[in-house]
Amino acid sequence: MARWTPKETAFMREALRLARQGWGLVSPNPMVGAVLVKKGKIIAKSWHTGPGQPHAEAAALAEAGSKAKGSELYLNLEPCNHQGRTGPCSEVIIQSGVSKVYYSVPDPNPIAAGGANRLEEAGIQVDRGLLADEAWDLNQFFFKYVIQKKPFVILKTAASLDGKIATRTGDSRWISSKASRNFSHHIRAGVDAVLIGRTTAAKDNPELSARPWGRRKMHNQPWRVVLDPLLKLPRDLKLFDPKLGGPTVVVSSFEADQKAKDNLRRQGHTVWEVPKAPSGLLSLSAVIDEIGKAGLQSVLIEPGATLASSALIEENVVDLIHMFMAPIFLGGSDSPSLLGGRGLDTLSLASEVDILKLGRMGPDIHLVLRPQGAFAAAPHQTVSPVIGYGSLNEDLDELYGHDFDQSQDQDR
Ligand code: AOF
Ligand code: ZN
C-alpha cells in the first residue's frame, strides 16, 4: 500500500511544479515550491524566485496570514533553520500555527539543515519523503555543489543516426530539429556556465547566450567558458563582444603567451590557467574544478568531437548527457563523428551508460543518459529524467507560454 494518498501526492506534485518556475533564476539557491492546504483545499502557494528573495514557504505563509493556522504545508525541500539572506523558515512555520509539514528531501546544506527537527520539537507533525526521487532530481545542481563543492556537468550533443555531427563538407546547421535546439536553449537558461572547445568557437562563432522564448525572461546569462590552450582564437569572435555583458572566461595552458593573457584581461575577460591531461589536451577536470571555485553550480558542455571524447572517455567528468539524434544518415568515413580522440583499444574498456529516457523531441530521438560514476544525490535514487524537464513538454509549454514544439527558430 502506498504511504501517501493520491491527494497528498497531488499537492506535492503541485509544489514541485511551482519549484520548477525557478529554473535558471535561483542559483546558488535550490528551486523550492510551497503549497498550503486546509480542509483538503489549497489556500496559498508560492515558489522561491531567487537569492535574497523570500523562501517559498515564507512567501506562502505570508500570503495566507492568519488563515495558516491548522493548515498543512507541502515542500519539496526541508525548511531551513538558519538566518541567511532570509529565514529561518522553521520559526516562521512555528509562528504561523501550521499543524503538519510534508517535505520530500532533507536540505544537505549544513548551515541551513535541522529545520525538520526544530519543527518536531515545537510539536508540529513532520512527514518526510513524498516524491523524493523527483525532488532529488530537480535540484541536482544544488545538491552536488553543496555536497562535493563541484559543479554538476551536463553534456549536450546532436548527431545523425550514424553518429555524425557534420557532413563530409562540414555542413552542420542544423542536424537536430527546432524543438531540440529550443530545448538546448532551455538547458542553457538553467545552468551557471556553458563550456566549449576552441574548434567549435572558431568554426561556429557562437554567442553562447541562452535565448529562451515566449514569456520567459532571463535574469542572468550563464558564464561563457572557452578552451583555448595557446590563446590563438581571433578576438573578433562573438564570444569576445563586450556587448554580451558578463564575463567570458578563456581557459589556457601555463605555456600560453603572457602578453596574450594580459591583453585578454585588459579587455575585461577572465583567463584561467590549467594543467594538461595525459592526452596533452587541457585537463578537463581541472577546468571543472575552476568552475566550481568560481561558485558556479552547473555547467553545460556543448562539445565538438575532441572535447566530447575528453569529457566522456578520457576524463569521465559528465553527470548527465542530453543526446539528440536526427532521423537521417549522413555517411562518409571522413565526416566527423560524435567522439574523436584516440578511441578505446578493446570493448572490455567501454563502460555502459544508464538510459534514463528514450523518447522524442520534435522529430528527433531524445536520449537522456547517465554515465557510470555520475553524481547521484541519494544512494537509492532512481533518477527520473526531469533535469531540464526531459520528459515534461507540458511543463515547457507552461514555462514558455506557448507550444514548445512550435516555438520560433533559434540561432546559436
Ligand atoms: C527553504 N526554502 O525556498 C529555499 C531554501 O541565503 P538564504 O537565506 O536564501 O538561504 C539559502 C539557503 O537556504 C540555501 O542554501 C538552502 O539551504 C536553503 N534554501 N530553504 O527552506 C526555500 N530556497
Ligand atoms: Zn528557508
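Look a little higher up for the structure.
This one's a predicted model, so the numbers in the text were calculated from it and none came from an experiment.

**Some thoughts on the sheet that holds strand β1 (residues 33-38)**
Argument step 1. With mixed pairing, the 5 strands of this open sheet are ordered in space as β2-β1-β3-β4-β5. Looking along the sheet, the strands with just one partner apiece sit at the ends: β2 (41-47) and β5 (125-128). Taking the axes of each pair of neighbouring strands and ignoring which way they run, one obtains an average angle of 20° across the sheet.
Argument step 2. Taken together, the 4 bridges between strand β4 (residues 100-105) and β5 define a ladder with parallel strand orientation. Paired with valine 101 across the two strands is valine 126, which belongs to β5.

**With respect to a nonpolar patch on the surface**
Argument step 1. On the surface, a nonpolar cluster with roughly 320 Å² of combined accessible area is contributed by Ile313, Leu339, Leu344 and Leu349.
Argument step 2. Relative to the elements of secondary structure, leucine 339 occurs in the loop between β12 (320-326) and β13 (354-361).
Argument step 3. Here leucine 339 falls in the partly exposed class, since its relative accessible area comes to 35%.

**Observations regarding the coordination of the zinc ion (ligand 2)**
Argument step 1. Surrounding the zinc ion (ligand 2) are the protein donor atoms His55 (ND1), Cys80 (SG) and Cys89 (SG), which sit 2.0 to 2.2 Å from the metal.
Argument step 2. In this structure, the zinc ion (ligand 2) is surrounded by 4 donor atoms whose angles at the metal cover 100 to 120°, and the resulting shape is tetrahedral.
Argument step 3. All donors of the zinc ion (ligand 2) belong to a single chain; written as a sequence motif, their spacing is H-x24-C-x8-C.
Argument step 4. Under the relative-accessibility criterion, cysteine 89 is labelled buried at 1%.

**Considerations on the environment of histidine 185**
Argument step 1. Residue placement: histidine 185 occurs in helix α7 (residues 178-190).
Argument step 2. In this structure the C-alpha to C-alpha distance between histidine 185 and alanine 210, which are 25 residues apart in sequence, comes to 5.3 Å.

**A closer look at the site of ligand 1**
Argument step 1. Close to ligand 1 lie 19 residues; His55, Ala56, Glu57, Arg85 and Asp107 are nearest.
Argument step 2. Between histidine 82 and ligand 1, the recorded distance is 3.3 Å, taken from a side-chain N or O atom to an oxygen atom.
Argument step 3. At 2.8 Å, a side-chain N or O of arginine 85 approaches an oxygen atom of ligand 1.
Argument step 4. Here ligand 1, which alone exposes 510 Å², has 96% of that area covered by the protein.
Argument step 5. Judged by the proximity of its atoms to the pocket grid, ligand 1 belongs to the second largest pocket.
Argument step 6. A class-by-class count of the residues in the shell around ligand 1 yields 8 nonpolar, 7 polar and 4 charged.

Reading the values: rules and limits
- Residues numbered from 1 in each chain as written.
- Chains lettered and ligands numbered in written order.
- Predicted model: local features only at pLDDT ≥ 70, side-chain atom pairs only at ≥ 80, totals over all residues.
- Heavy atoms only, no water.
- Pairing = 2+ DSSP bridges.
- Helix = DSSP H or I, 4+ residues; strand = E, 2+ residues; numbered from the N terminus.
- Axes fitted to C-alpha atoms, helices over the stretch in contact; angles between N-to-C directions.
- Patch = residues over 30% accessible without salt bridge, like charges linked within 9 Å, V, L, I, M, F, W, Y side chains within 5 Å.
- Areas by Shrake-Rupley, 256 points an atom, 1.4 Å probe, with all protein chains shown as cover.
- Salt bridge = Lys/Arg side-chain N within 4 Å of Asp/Glu carboxyl O.
- Buried < 20%, exposed > 50% of the residue type's maximum accessible area, 1.4 Å probe, protein only.
- Donors = N, O, S within 2.8 Å, 3.2 Å for Na, K, Ca; no water.
- Tetrahedral: all angles 85-135°; square planar, octahedral: opposite > 155°, others 65-115°.
- Near = heavy atom within 4 Å.
- Polar contact = N/O pair within 3.5 Å; in protein donor to acceptor, adjacent residues only side chain to side chain.
- 1 Å grid on protein atoms, 1.4 Å probe; cavity = no way out; pocket = protein on both sides within 12 Å on 5 of 7 lines; lining within 4 Å.
- Sits in = over half its atoms within 2 Å of the grid points.
- Nonpolar A, V, L, I, M, F, W, Y, C, P; charged D, E, K, R; others polar.

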